[in-house]
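Residue-level listing of the chains:
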Amino acid sequence: MKRILLAAAVAASAGSGGMAQEKPGFRDTPMLPDGKWRVHDADRPHPAVVTPGAEPGAPPSDAVVLSPDAWTPTGKPWIVKDGVMTVPPRADGEGENALVSKRSFGDVQLHLEFRSPNPPEKSSQDRGNSGIWFMQRYELQILDGYENPTYADGTVGAIYAWKPPLVNPSRPPGEWQSYDIIFERPRFAPDGKLLRPAYATAFLNGVLVQNRQPWLGSTVWRKVATYEAHGDAAPIQLQDHDSAVSFRNIWVRPLPEAALSHDATGGVQ
């Protein structure tokens, strides 16, 4: 009924005489808690239009696509075929061959697809191990988690060395799997004091595995993570853990301040 009345009011305002049509909405409703806009405010800016991908997992129109040429290897180049990037084999005594994005990011939505080697080799942390390092500091784990026991805070979907995933929705090795992650960077005061931790919300194969979970700090193996002040943007890094994990269809959407969780300012946004 309210929609019918509003439509009638808009039509009446645009009636004879060539009068300009009023914006849909109201200017006599109560103010919202943010102190900027009224309920159903006619003057409130509309959200930007974004065209979604043509199929699930495809990048939307405002995404930054991280194709193979968007990365720099720290060691030998990764193997690239048909848009798929695979961790190269290591020679004896050779160090890590990570991939680092050429562009830096802060708050992002990230989509990534990965595949563990099949047939699987080894077990636990030596089976299909890799990781997504936001800002080259904060690791969300990649591992072959299908019937592969390991320590809980090191399995796929874990904030490594801190929080196990809520569930384990892993697909068998050799099948493509998807991550969809919201990463909120930490905030620091000018003196380096931590004002707000980093947060992660993550879906693995469409299943929630981290629900706005705060990070303890920069990921460290076998230690409790701690924060160290850093800039507002840094590269994303893909880890080489001496396992031939493959990646494809990686894209990110840099997020505006308006996307931050409401507690960022201590009030409602």
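Data block above holds the structure.
Presented here is a report on the structure given in the accompanying data block. Every value quoted in this text rests on a predicted model; they were computed, and no experiment measured them.

So, on to the overall build of the protein chain. When helices and strands are tallied, the protein chain shows one helix and 15 strands. Here the protein chain, with 269 residues, has 40% of them falling under the buried criterion. Per element, the accessible surface of the protein chain, about 14800 Å² overall, is 55% carbon and sulfur.

What follows deals with the environment of alanine 91. Positionally, alanine 91 belongs in the loop between β4 (84–86) and β5 (99–105). Relative accessible area serves as the criterion here: at 43%, alanine 91 is assigned to the partly exposed category. The spatial distance from the C-alpha of alanine 91 to the C-alpha of aspartate 242 is 9.8 Å, given a sequence separation of 151 residues.

Bringing unusual backbone geometry into the picture now. Trans is the common state for peptide bonds, and a negative phi is the common state for residues other than glycine. Between asparagine 118 and the following residue, proline 119, the backbone shows a cis peptide bond with an omega angle of 5°. Relative to the helices and strands, proline 119 resides in the loop between β6 (108–115) and β7 (130–134). Within the chain, alanine 161 stands out as a residue other than glycine whose phi angle is a positive 65°. Relative to the helices and strands, alanine 161 resides in the loop between β8 (138–142) and β9 (177–184). In this structure alanine 161 comes out as partly exposed when scored by relative accessible area, which is 25%. Phi at arginine 222 takes a positive value of approximately 65°, unusual for a residue other than glycine. Under the relative-accessibility criterion, arginine 222 is labelled exposed at 71%.

Let us look at the pattern of salt bridges. Evaluation of the coordinates by the stated rule reveals 12 salt bridges. The salt bridge involving lysine 76 is made with glutamate 94; its shortest N-O contact spans 3.4 Å. Here lysine 76 is found in the loop between β2 (71–73) and β3 (79–81), whereas its partner glutamate 94 is found in the loop between β4 and β5, with 18 residues between them in sequence. Assessed through its relative accessible area of 29%, lysine 76 is described here as partly exposed. We classify glutamate 94 as partly exposed; its relative accessible area is 27%. Note that arginine 212 and glutamate 184 form a salt bridge whose closest N and O atoms lie 3.9 Å from each other. With arginine 212 in strand β13 (residues 207–214) and glutamate 184 in strand β9, this residue pair connects regions lying 28 residues apart in the sequence. The exposure class of arginine 212 is partly exposed, given its relative accessible area of 26%.

Side chains of Leu166, Val167 and Val207 sit close together on the surface and give an oily, nonpolar patch of about 240 Å² of accessible area. The exposure class assigned to valine 207 is partly exposed, which follows from its relative accessible area of 32%.

Once that is clear, we can look at the nonpolar core. Grouped together as the largest cluster of nonpolar side chains are 38 residues, with contacts concentrated most on Leu112, Ile132, Tyr179, Leu238 and Phe247. Of all the elements in the fold, those that place two or more residues in this core are β5, β6, β7, β8, β9, β12 (199–204), β14 (234–238) and β15 (246–254). A per-element tally of this core places β6 first, with four residues. Discounting residues that sit within four places of it in the chain, tyrosine 179 has contacts with Leu110, His111, Leu112, Phe114, Ile132, Leu140, Gln141, Ile142, Val156, Gly157, Phe203 and Leu204.

Let's shift gears to the packing of aromatic side chains. One pass over the structure, following the stated rule, counts nine aromatic pairs. Ring centres 4.7 Å apart and planes at 5° place the aromatic pair phenylalanine 134 and phenylalanine 183 in the stacked group. Of this pair, phenylalanine 134 sits in strand β7 while phenylalanine 183 is found in strand β9, placing the two residues 49 residues apart along the sequence. Their ring planes at 70° and their centres at 6.3 Å tell us that phenylalanine 188 and tyrosine 227 sit as a pair that is edge-to-face. With phenylalanine 188 in strand β10 (residues 187–188) and tyrosine 227 in the loop between β13 and β14, the pair connects residues that are 39 residues apart, well separated along the chain. For phenylalanine 188, a relative accessible area of 18% translates into the label buried. These aromatic residues form a ring-pair network of at least three members: Phe134, Tyr138, Phe183, Phe188, Trp215 and Tyr227. Stacked on the ring of tryptophan 221, the Lys or Arg arginine 222 has its end atom at 5.5 Å from the ring centre.

Procedures and definitions
Residues numbered from 1 in each chain as written. Predicted model: local features only at pLDDT ≥ 70, side-chain atom pairs only at ≥ 80, totals over all residues. Heavy atoms only, no water. Helix = DSSP H or I, 4+ residues; strand = E, 2+ residues; numbered from the N terminus. Buried < 20%, exposed > 50% of the residue type's maximum accessible area, 1.4 Å probe, protein only. Areas by Shrake-Rupley, 256 points an atom, 1.4 Å probe, with all protein chains shown as cover. Salt bridge = Lys/Arg side-chain N within 4 Å of Asp/Glu carboxyl O. Patch = residues over 30% accessible without salt bridge, like charges linked within 9 Å, V, L, I, M, F, W, Y side chains within 5 Å. Core = buried A, V, L, I, M, F, W, Y, C linked by side-chain atoms within 4.5 Å. Contact = heavy atoms within 4.5 Å. Phe/Tyr/Trp six-rings, centres within 6.5 Å; stacked < 30°, edge-to-face > 60°. Lys NZ or Arg CZ within 6 Å of the ring centre and 35° of its normal.

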